[in-house]
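Understanding the architecture of this molecule
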Amino acid sequence: MPLSKHHSLIKELESIQAAMEAPLDAETRTLLEKAYALEKWPIAQLISIFERNNTDSLIKRHAISQYLAANADTYTRQATVIGLTGTPGAGKSSLTGELCLSLLKHQPDMSIAVLAIDPSSQESGGALLGDRTRMQLPVNDKRVFFRSQASHLDLGGMGKSTFHVMRLLRRLFDLVIIETVGIGQSEIEVQRLSDHTVLVMQPLAGDQVQFMKAGIMEVPNTFVINKCDEDELARKSKHLLNASLKLAKIHVRNEESQEQSIFMTSATKRRGIDELMTHLMAVREQQQVDQVAAQEEYFLNKWIQQAYGEFGLSLAEYFNKSSEDSGTFEQKELRYKSQIANFLTKLS
Amino acid sequence: MSEKNTAHIMFDKDGKPKSDRPWIFRTYAGHTNVWASNELYRSNLAKGQTGLSIALDLPTQCGYSSDHDIAKPEIGKVGVPINSLDDMAILFDNIPLDQMNTSMTINGTSMWLLSLYIALAEEQGVNIADLKGTTQNDLIKEYLARGTYIFPPEDSIRLIVDMYEYCLHNVPSWNASNICSYHLQEAGATPVQELAFALTTAITILDAVKERNCFNEEEFERCVGRISYFVNAGMRFVEEVCKMRAFCEMWDEITQERYGVKNPKFRRFRYGVQVNSLGLTEEQPENNAWRILIETLGVTLSRNARCRALQLPAWNEALSLPRPWDQQWSLRLQQIMAYETDLLEYPDLFDGSHVIESKVADLKEQAYSEINKIIDMGGGVEAVKTGYMKSALVASQGERMGKLVNGEQVVVGKNRWTDGIESPLVNDSDGGIFMVDADAAQKTIDALNKTRAARDETRAQAALKRLGEEAKQSKNLMEVSIECAKARVTTGEWSDTLREAFGEFRPPTGVEGQALSIESETLDAVRKKVDAFIEQHGYRPRMVVGKPGLDGHSNGAEMIAVAARHAGFDVIYFGIRLSAVDIVQSALEENVDVIGISLLSGSHNEITDQLFDELEKNGAKDSIPVILGGIIPTPDFDSLHAKGVKRIFTPKDFDLMSVMNDIMDVINTQKNG
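Source: prediction; values computed, not measured.

Procedures and definitions
- Residues numbered from 1 in each chain as written.
- Chains lettered and ligands numbered in written order.
- Predicted model: local features only at pLDDT ≥ 70, side-chain atom pairs only at ≥ 80, totals over all residues.
- Helix = DSSP H or I, 4+ residues; strand = E, 2+ residues; numbered from the N terminus.
- Rg over C-alpha atoms; globule rule 2.2 N^0.38 Å.
- Buried ≥ 20, exposed ≤ 12 C-beta atoms within 10 Å, placed from the backbone.
- Contact = placed C-beta atoms within 7 Å.
- Pairing = 2+ DSSP bridges.
- Axes fitted to C-alpha atoms, helices over the stretch in contact; angles between N-to-C directions.
- Domains from an automatic or database assignment.
- Nonpolar A, V, L, I, M, F, W, Y, C, P; charged D, E, K, R; others polar.
- Core = buried A, V, L, I, M, F, W, Y, C linked by C-beta atoms within 7 Å.
- Right-handed = clockwise from strand over helix to strand, strands pointing away.
- Expected span 1.5 Å × (residues − 1).
- Arc of directions from axis to C-beta.

What to know about the overall build of chain B
Scanning chain B for helices and strands turns up 25 helices and 17 strands. Since a compact globule built from 673 residues should have a radius of gyration of about 26 Å, the 25 Å found for chain B is in line with a globular shape. Considered along the principal axes of its C-alpha atoms, chain B spans approximately 85 × 70 × 55 Å. Out of the 673 residues in chain B, the part that is buried amounts to 53%. Counting only contacts in chain B whose residues sit at least 6 apart along the sequence, the fraction spanning at least 24 positions is 79%.

Section: the overall build of chain A
Scanning chain A from N- to C-terminus turns up 11 helices and 8 strands. Relative to its full complement of 348 residues, chain A shows a buried share of 44%. Long-range pairs, those at least 24 residues apart, make up 75% of the contacts in chain A with a sequence separation of at least 6.

As for the sheet that holds strand S11 (residues 270–274) of chain B
Residues and elements named next belong to chain B. The strand order across the open sheet built from 5 strands is S3-S12-S11-S10-S9, with neighbouring strands paired in parallel fashion. Strands at the two margins of the open sheet, each flanked by one partner only, are strand S3 (24–26) and strand S9 (178–180). For this sheet the average axis-to-axis angle between neighbouring strands, irrespective of direction, equals 20°. Pairing between strand S10 (residues 228–231) and S11: 4 bridges, direction parallel. Looking at the pairing, Val231 lines up with Val273 of S11.

A look at the sheet that holds strand S3 (residues 127–129) of chain A
The sheet built from 6 strands is open, its strands ordered S3(A)-S14(B)-S13(B)-S15(B)-S16(B)-S17(B) with parallel pairing. Taken across any chain shown, the strands that pair with only one partner, and hence form the sheet edges, are S3 of chain A together with strand S17 (645–649) of chain B. The average undirected angle you get between the axes of adjacent strands in this sheet is 20°. Of the strands in this sheet, S3 of chain A together with strand S13 (542–546), strand S14 (570–573), strand S15 (594–599) and strand S16 (626–630) of chain B touch helix H21 (residues 555–567) of chain B, which is tilted by about 165° from S13(B). On top of the sheet, helix H25 (residues 656–672) of chain B reaches S15, S16 and S17 of chain B; it is set at about 180° to S17(B), its chief contact.

As for the domain arrangement of chain A
Residues and elements named next belong to chain A. Looking at the assigned domains, one finds that chain A contains domain 1 (3–75 + 291–347) and domain 2 (80–286). Contacts between the two partners involve 18 residues from domain 1 and, on the opposite side, 15 residues from domain 2. Going through the elements one at a time, helix H2 (26–36), helix H3 (40–51), helix H4 (55–70) and helix H10 (292–322) are the ones with two or more residues in the side of domain 1 that touches domain 2. Counting residues per element, the side of domain 1 that touches domain 2 draws most heavily on H3, which supplies 7 residues.

Overview of the interface of chain A and chain B
Tallying the contact residues gives 32 residues for chain A and 33 residues for chain B. The set of elements that each furnish at least two residues to the side of chain A that touches chain B consists of H3, S3 and strand S4 (144–150) of chain A. Among the elements that make up the side of chain A that touches chain B, the one with the highest residue count is H3(A) (7 residues). In terms of residue class, the side of chain A that touches chain B is built from 10 nonpolar, 15 polar and 7 charged.

Side note on the environment of Arg565(B)
Here Arg565(B) is to be found in helix H21. Taking C-alpha positions, Arg565(B) is 9.6 Å from Met543(B), a pair spaced 22 residues apart along the chain.

Notes on the nonpolar core
All names here are of chain B. Within the largest apolar cluster, 195 residues are counted, with the highest numbers of intra-cluster contacts made by Ala563 and Val571. At 11 residues, helix H8 (residues 191–212) tops the list of elements feeding residues into this core. Non-local contacts of Ala563, meaning those with residues more than four positions away in its chain, are made with Leu516, Leu656, Met657, Val659 and Met660.

Here's the deal with unusual backbone geometry
Trans peptide bonds make up the majority, and among non-glycine residues the majority have a negative phi. If you check the backbone angles, Lys227(A) has positive phi at about 65° while not being a glycine. Along the chain, Lys227(A) falls in the loop between strand S7 (222–225) and helix H8 (231–247). Residue Lys227(A) is classed as buried on the basis of its 26 C-beta neighbours within 10 Å. Residues other than glycine seldom take positive phi values, yet Asn591(B) does so here, at roughly 45°. Secondary-structure assignment places Asn591(B) in the loop between helix H22 (580–589) and S15. Residue Asn591(B) is classed as buried on the basis of its 23 C-beta neighbours within 10 Å.

Describing the domain arrangement of chain B
Residues and elements named next belong to chain B. The assigned domain composition of chain B is domain 1 (10–24 + 136–164 + 177–301 + 320–405), domain 2 (31–132 + 421–505) and domain 3 (521–672). The gap between the C-alpha centroids of domain 1 and domain 2 is 26 Å. Domain 1 puts 27 residues into the contact, and the matching count from domain 2 is 33 residues. Looking at the side of domain 1 that touches domain 2, the elements with two or more residues in it are helix H5 (139–146), helix H6 (153–170) and helix H12 (324–340). Residue contributions to the side of domain 1 that touches domain 2 peak at 5 residues, all from H6. The residue makeup of the side of domain 1 that touches domain 2, split by class, is 14 nonpolar, 7 polar and 6 charged.

Digging into the pairing of S11(B)
Residues and elements named next belong to chain B. Here S11 lies mainly inside the structure; 4 of its 5 residues are buried. In the classification by handedness, the crossover that spans S10, the intervening helix H10 (residues 237–257) and the parallel S11 is right-handed. Crossover S11 to strand S12 (residues 309–311) through helix H11 (residues 288–300) is right-handed.

Quick word on helix H16 (residues 440–454) of chain B
Residue and element names in this part refer to chain B. Between its terminal C-alpha atoms H16 stretches 22 Å, which fits the 21 Å expected from 15 residues at 1.5 Å a residue. Along H16, the residues that are buried comprise Ala441, Thr444, Ala447 and Leu448. The buried residues of H16 occupy an angular sector of 120° when projected down its axis, which confines them to one face. Residues of H16 that are exposed and point over 90 degrees away from its buried face: Gln442, Asp446, Lys450, Ala453 and Ala454.

Concerning helix H1 (residues 34–46) of chain B
All names here are of chain B. For H1, with 13 residues, the first-to-last C-alpha span of 18 Å sits near the 18 Å given by 1.5 Å per residue. On its buried face, H1 is in contact with strand S4 (28–29), strand S5 (52–55) and helix H3 (85–91). After H1 finishes, the residue Gly48 shows a positive phi value of roughly 105°.

Below you can see the structure in the form of structure tokens.
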């Protein structure tokens, strides 16, 4: 890049930084108030701001994050984020739907957001988001909000903006469930943005454990064998999974025993759902470690790697030593961009 | 006539030349309410029609009484509403049940409709063993193509087997179900898929009957003999002739080899037909008269594979619901074919034809291989649950649409020879289309209220309680359903009780993972617009597609969803049987740029009102544009536009990418003012 371009880039970054100084505009503040009161369209519009890839949205994301941090007394919710992933066809959506119904029944004061991710077409870039048809959630019930998202050709079962949307939803709801696209041999990235990861499998998938990378099986805190429509099938599957995990010497991340981390459910016959729900509520109660900082760091590094590669990452380590590490995600993103631009100017 | 040339003559047992009796002439009919439909049936019978084919409205088909919110826009639209035994009595007033052959197009609630029919016969003192007819009752094709299912597959199969068991012992001439490949072809099935999926359905039912083990060997053979089919016939009529011959041969082989049926009479492939509506065009609709005639050839020419009953669509079905005159015109076609021509005088015309035999063998080979594949996957129910068959149909439909656009498949008036003199037929005083009288629905609701007020409430509640209990046990539900009918239980109550016991089912939509092969200049233009949109706004255009109301014909909505993805949209596909509230909530939660709805049942005026009311309530009426697709009569366009519908697409708009182009323009206008 010629020097002049770097200069103009630096100027542009400076103007964005200047724009970030402005407080949150009144219109968005109203939107936020309504969203916190769980009005659906305002929530949806805010999600769009956290999804969109342009400068305006970046500035707004920053302003909203800062505003939420500054008004933590009013915006007190801090959701537990459950990542729900699993093999294609394991019935993740139906299970999520039934789980929500069980929560609404037993935890009537809890607010829940579901973010369901479907794959985008390699060819057209568009996506068919069909998870809504597989859930029968109540209508006009403020306690549960459902949103679909396209993976936009990102690997790891999530989209580019899933992390950002999670940041918002965490502050608006009590519980956030993120349902990824079906995974096979790919990495389970959802663990990086969730407080608790659930892997959903089909019956008799136990002996398939060996076909999956051991790395995947190490990730989940909780295992669910869904579609256990018959008792016999459920017992057999649980036994198989248990045996396979032991054989592969996989230590389940959950502090509890392995036995207590495996659930057998049937979304169609509504079996085992309440037990899973109770388990996840207990997890929520016990949750002590604040993972927000670690999650943010992971996704900041991921962004740097995608934008600047491995060299960018080593530079980031170098820069971090010399600058304080505070502010919103957007500020950090911008600070890094400026540092890179300045660095390159110096080089040339 | 020389002595030796007799191969073209059929002889009776006395050695005299004979000819065949014609098939049963039917007209699929029913509308408005029981009074109007009763009048229609009686006049059709007077015109020489020899059987009844009852069309029921969507609330009745989906198990809702007429006073349910979701029912109101649909009362009497695509058929007659039936709420209780009192309605049934009026529908068949002055029609002798023991002399009728009555076919009912009913699926999710077929046990209920049969129970009403039997209860009516018993109250009239007619011997129920004399009742003849068919309940369609093919739930697999409902999950795949037609959408009036209610319960999960296993429970639906149980109800079907209950009916076979009851009918064989009590109503021996009743066809408890009817395997339908008709709707599969409408949904895009190729002849091979039609053969394979329909025969798989029959195998699924018979396997379930066998598993229940309720019949001895002789009874089971008779039960196999009760399996009948409802088939479609399209424009490629030579292939259709072969398809029907393949059906007959395969059914004979399957019943013999898989089920050991010895009596050839019970292995016979018995089928009724409605010829293809999918190929009928909205453009130059008068051409459809020829198409209907040609499609009729496919199912009548072969004596060895001739239909038992035939019903023809009307020439203007792509425009709206047909009027009585339109139906009469189709009936006349059948009468001319059967009585004016010499068709029925000859033995089979194609025996010994190398061409036909080879084509039949080819279809059979491919169909068997598909059947074996599905059986290996776990059978028909499993293939519904995994979405295998549904995806295959959506893919075939997508391919068909592609061929229409690129001209590989010629349709006169649609993609070739599109200019022509306007038809005088559509310029009648009523615009050539049928309208349902709005006040007639109130009469139905009044009758329902009267029945509820007059009935013995204790008896009705006791019957419902028993129904719920027996549903959870493995008892045959026919008897208790007949008791419910006599106790004046309503359609909604019967269905709700079983919904409670079985749960409701939503099958896979089949649209995910589908790719279109459309490549055209229009596609390039649309994708450029999408790219520009992304550049300007930082995200892909978002669209929600769904079908409000009870109409389950989802092909159009599915194709639009797949096309939108092909164009580069993020599409939220929400499926069928949605309320206006469902659709608006999804649009708000997903923060979409456009709402696309599809309607074929004639309820578009009422449902768009509901939709805009709901948008208004949420302050989004002017923010989210709405587009509409389906069978929408031209005279309704102005009022729909006035209500706020931004674009209307009909079967004329078969070029999916120019539809997407229009939708992109709607979005851009909304965004940029």
